[in-house]
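This is what each chain is made of:
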Amino acid sequence: MSGAGGIGRRLMVVGLVLITLLYCWALLWLAWGFARAGGVVGWGLAAAVAILLALTVWVIWREVLFGLNAARLAREYSSDGASGPTATDAADVKPAEPSCAVPRAEFDLAKAAIEQGTGESDWRAWFRLSLAYDALHDRRQARAAARRAIELHRAAR
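None of the values given here were measured: they were computed from a predicted structure.

**Q** Help me out: how do you make sense of the overall build of the protein in this one?
**A** Secondary structure summary: the protein contains five helices and zero strands in total. Secondary structure elements in the protein, listed N-terminal to C-terminal, are α-α-α-α-α. Across the 157 residues in the protein, those meeting the buried criterion constitute 25%. Considering only residue pairs separated by 6 or more positions, the protein has 50% of its internal contacts joining residues 24 or more positions apart.

What follows is the structure, given as C-alpha coordinates:
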(Lines give C-alpha, C1' and ligand atoms only; values in the text may rest on other atoms or scores of the structure.)
Protein backbone atom coordinates (compact mmCIF):
# COMPACT_ATOMS: atom_id res chain seq x y z
CA MET A 1 0.00 0.00 0.00
CA SER A 2 1.47 3.28 -1.03
CA GLY A 3 0.32 6.75 -1.88
CA ALA A 4 -2.99 8.33 -1.00
CA GLY A 5 -4.95 5.12 -1.67
CA GLY A 6 -2.80 3.21 0.82
CA ILE A 7 -3.27 5.85 3.51
CA GLY A 8 -7.04 5.85 2.95
CA ARG A 9 -7.17 2.06 3.26
CA ARG A 10 -5.10 2.14 6.43
CA LEU A 11 -7.39 4.76 7.94
CA MET A 12 -10.40 2.65 7.02
CA VAL A 13 -8.87 -0.42 8.67
CA VAL A 14 -8.02 1.59 11.80
CA GLY A 15 -11.58 2.93 11.88
CA LEU A 16 -13.06 -0.54 11.53
CA VAL A 17 -10.81 -1.85 14.29
CA LEU A 18 -11.92 0.99 16.57
CA ILE A 19 -15.59 0.33 15.80
CA THR A 20 -15.08 -3.37 16.53
CA LEU A 21 -13.36 -2.59 19.82
CA LEU A 22 -16.19 -0.24 20.77
CA TYR A 23 -18.71 -2.96 19.93
CA CYS A 24 -16.81 -5.49 22.05
CA TRP A 25 -16.58 -3.05 24.94
CA ALA A 26 -20.33 -2.38 24.73
CA LEU A 27 -21.14 -6.09 24.76
CA LEU A 28 -18.82 -6.68 27.72
CA TRP A 29 -20.41 -3.77 29.58
CA LEU A 30 -23.86 -5.20 28.84
CA ALA A 31 -22.82 -8.69 29.99
CA TRP A 32 -21.32 -7.20 33.17
CA GLY A 33 -24.56 -5.36 33.88
CA PHE A 34 -26.62 -8.54 33.47
CA ALA A 35 -24.21 -10.49 35.68
CA ARG A 36 -24.39 -7.82 38.40
CA ALA A 37 -28.18 -8.03 38.34
CA GLY A 38 -27.76 -11.65 39.38
CA GLY A 39 -30.35 -14.36 39.35
CA VAL A 40 -30.90 -17.03 36.75
CA VAL A 41 -32.17 -14.58 34.14
CA GLY A 42 -29.31 -12.11 34.69
CA TRP A 43 -26.63 -14.78 34.48
CA GLY A 44 -28.36 -16.38 31.49
CA LEU A 45 -28.43 -13.08 29.62
CA ALA A 46 -24.81 -12.40 30.58
CA ALA A 47 -23.81 -15.81 29.21
CA ALA A 48 -25.79 -15.20 25.99
CA VAL A 49 -24.12 -11.83 25.44
CA ALA A 50 -20.69 -13.37 26.15
CA ILE A 51 -21.38 -16.09 23.57
CA LEU A 52 -22.45 -13.41 21.08
CA LEU A 53 -19.20 -11.56 21.75
CA ALA A 54 -17.11 -14.72 21.28
CA LEU A 55 -18.87 -15.50 17.98
CA THR A 56 -18.35 -11.94 16.79
CA VAL A 57 -14.64 -12.02 17.55
CA TRP A 58 -14.27 -15.44 15.90
CA VAL A 59 -16.07 -14.38 12.69
CA ILE A 60 -14.09 -11.14 12.44
CA TRP A 61 -10.80 -12.97 13.03
CA ARG A 62 -11.68 -15.54 10.36
CA GLU A 63 -12.57 -12.83 7.84
CA VAL A 64 -9.39 -10.87 8.58
CA LEU A 65 -7.27 -13.99 8.05
CA PHE A 66 -9.11 -14.72 4.80
CA GLY A 67 -8.48 -11.17 3.60
CA LEU A 68 -4.80 -11.28 4.52
CA ASN A 69 -4.29 -14.65 2.84
CA ALA A 70 -6.20 -13.59 -0.28
CA ALA A 71 -4.15 -10.37 -0.48
CA ARG A 72 -0.92 -12.36 -0.19
CA LEU A 73 -2.06 -14.66 -3.01
CA ALA A 74 -3.03 -11.64 -5.12
CA ARG A 75 0.45 -10.17 -4.69
CA GLU A 76 2.12 -13.46 -5.63
CA TYR A 77 -0.29 -14.01 -8.51
CA SER A 78 0.37 -10.56 -9.97
CA SER A 79 4.13 -10.80 -9.43
CA ASP A 80 4.17 -14.16 -11.24
CA GLY A 81 2.46 -12.54 -14.21
CA ALA A 82 -0.82 -14.37 -14.61
CA SER A 83 0.13 -17.33 -16.75
CA GLY A 84 -1.96 -18.82 -19.46
CA PRO A 85 -4.28 -17.29 -22.02
CA THR A 86 -6.68 -14.62 -20.95
CA ALA A 87 -9.99 -13.58 -22.38
CA THR A 88 -8.47 -10.48 -23.92
CA ASP A 89 -6.21 -12.75 -25.99
CA ALA A 90 -9.17 -14.62 -27.43
CA ALA A 91 -9.94 -13.18 -30.83
CA ASP A 92 -13.21 -15.01 -31.37
CA VAL A 93 -15.07 -13.68 -28.29
CA LYS A 94 -18.24 -12.03 -29.65
CA PRO A 95 -21.17 -12.65 -27.28
CA ALA A 96 -24.52 -10.90 -27.49
CA GLU A 97 -23.83 -8.78 -24.39
CA PRO A 98 -20.58 -6.82 -24.69
CA SER A 99 -20.70 -5.71 -21.05
CA CYS A 100 -20.01 -9.24 -19.82
CA ALA A 101 -18.03 -10.51 -22.81
CA VAL A 102 -14.54 -10.48 -21.35
CA PRO A 103 -15.48 -11.68 -17.82
CA ARG A 104 -17.49 -14.59 -19.22
CA ALA A 105 -14.70 -15.61 -21.59
CA GLU A 106 -12.14 -15.31 -18.76
CA PHE A 107 -14.37 -17.48 -16.59
CA ASP A 108 -14.59 -20.13 -19.31
CA LEU A 109 -10.80 -20.12 -19.72
CA ALA A 110 -10.20 -20.29 -15.95
CA LYS A 111 -12.70 -23.12 -15.53
CA ALA A 112 -11.12 -25.03 -18.42
CA ALA A 113 -7.66 -24.60 -16.85
CA ILE A 114 -8.88 -26.28 -13.67
CA GLU A 115 -10.66 -29.07 -15.47
CA GLN A 116 -7.42 -29.99 -17.21
CA GLY A 117 -5.40 -32.46 -15.15
CA THR A 118 -2.86 -30.23 -13.39
CA GLY A 119 -5.16 -27.29 -12.65
CA GLU A 120 -6.92 -29.18 -9.87
CA SER A 121 -3.89 -28.85 -7.60
CA ASP A 122 -2.58 -25.47 -8.81
CA TRP A 123 -3.39 -22.57 -6.51
CA ARG A 124 -2.87 -20.09 -9.36
CA ALA A 125 -5.61 -21.74 -11.42
CA TRP A 126 -8.01 -21.60 -8.46
CA PHE A 127 -7.13 -17.99 -7.72
CA ARG A 128 -7.70 -17.11 -11.37
CA LEU A 129 -11.08 -18.82 -11.15
CA SER A 130 -11.93 -16.81 -8.03
CA LEU A 131 -11.11 -13.59 -9.90
CA ALA A 132 -13.28 -14.72 -12.81
CA TYR A 133 -16.19 -15.51 -10.49
CA ASP A 134 -15.76 -12.12 -8.85
CA ALA A 135 -15.85 -10.40 -12.24
CA LEU A 136 -19.17 -12.19 -12.88
CA HIS A 137 -20.44 -10.93 -9.48
CA ASP A 138 -20.75 -14.46 -8.04
CA ARG A 139 -19.21 -13.63 -4.66
CA ARG A 140 -20.05 -16.93 -2.98
CA GLN A 141 -18.26 -19.00 -5.63
CA ALA A 142 -15.42 -16.47 -5.76
CA ARG A 143 -14.81 -16.87 -2.02
CA ALA A 144 -15.01 -20.66 -2.27
CA ALA A 145 -12.44 -20.70 -5.09
CA ALA A 146 -10.21 -18.29 -3.15
CA ARG A 147 -10.41 -20.53 -0.07
CA ARG A 148 -9.40 -23.52 -2.23
CA ALA A 149 -6.48 -21.49 -3.62
CA ILE A 150 -5.39 -20.58 -0.09
CA GLU A 151 -5.52 -24.25 0.98
CA LEU A 152 -3.47 -25.34 -2.05
CA HIS A 153 -0.96 -22.54 -1.52
CA ARG A 154 -0.52 -23.59 2.12
CA ALA A 155 -0.05 -27.23 1.10
CA ALA A 156 2.52 -26.26 -1.54
CA ARG A 157 4.77 -24.54 1.02
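**Q** Looking at this model, I keep getting lost on the packing of helix α2 (residues 39–80) against helix α5 (residues 139–156). Mind explaining?
**A** Two measures define how a pair of helices packs: the angle their axes make with one another and the distance between the axes. Running from amino to carboxyl end, α2 crosses α5 at an angle of 70 degrees, the nearest separation of the two axes being 10 Å. Classified by the interaxial angle, the pair formed by α2 and α5 is roughly perpendicular. Of α5, the residues touching α2 (which contributes Arg62, Glu63, Phe66, Asn69, Ala70, Arg72, Leu73 and Glu76) are Arg143, Ala146, Arg147, Ala149, Ile150, His153 and Arg154. Residue composition of the contact of α2 with α5, by class: six nonpolar, two polar and seven charged.

**Q** Is there a simple way to explain the packing of aromatic side chains in this structure?
**A** Aromatic ring pairs are described here by two measures, namely the spacing of the ring centres and the angle between the planes. Inspection of every chain in the model, using the stated rule, returns three aromatic pairs. Seen in terms of ring centroids, Trp25 and Trp29 are 6.0 Å apart; in terms of plane orientation they differ by 20 degrees. Their pairing is stacked. With Trp25 and Trp29 both in helix α1 (residues 3–37) and four residues apart, the pair spans about one turn of that helix. Residue Trp25 is classed as exposed on the basis of its relative accessible area, which comes to 53%. With relative accessibility at 55%, the residue Trp29 sits in the exposed group. Lying over the aromatic face of Phe66, Arg147 brings its terminal NZ or CZ to 4.9 Å of the ring centre.

**Q** Explanation requested: a nonpolar patch on the surface in the structure shown.
**A** Together, Val13, Val14, Val17, Leu18 and Leu21 line one region of the surface with nonpolar side chains, adding up to about 450 Å² of accessible area. As for its placement among the helices and strands, Val17 is situated in helix α1. For Val17, a relative accessible area of 43% corresponds to the partly exposed category.

The rules we used
- Residues numbered from 1 in each chain as written.
- Predicted model: local features only at pLDDT ≥ 70, side-chain atom pairs only at ≥ 80, totals over all residues.
- Heavy atoms only, no water.
- Helix = DSSP H or I, 4+ residues; strand = E, 2+ residues; numbered from the N terminus.
- Buried < 20%, exposed > 50% of the residue type's maximum accessible area, 1.4 Å probe, protein only.
- Contact = heavy atoms within 4.5 Å.
- Axes fitted to C-alpha atoms, helices over the stretch in contact; angles between N-to-C directions.
- Parallel < 35°, antiparallel > 145°, perpendicular 65-115°, else oblique.
- Nonpolar A, V, L, I, M, F, W, Y, C, P; charged D, E, K, R; others polar.
- Phe/Tyr/Trp six-rings, centres within 6.5 Å; stacked < 30°, edge-to-face > 60°.
- Lys NZ or Arg CZ within 6 Å of the ring centre and 35° of its normal.
- Patch = residues over 30% accessible without salt bridge, like charges linked within 9 Å, V, L, I, M, F, W, Y side chains within 5 Å.
- Areas by Shrake-Rupley, 256 points an atom, 1.4 Å probe, with all protein chains shown as cover.
- Salt bridge = Lys/Arg side-chain N within 4 Å of Asp/Glu carboxyl O.

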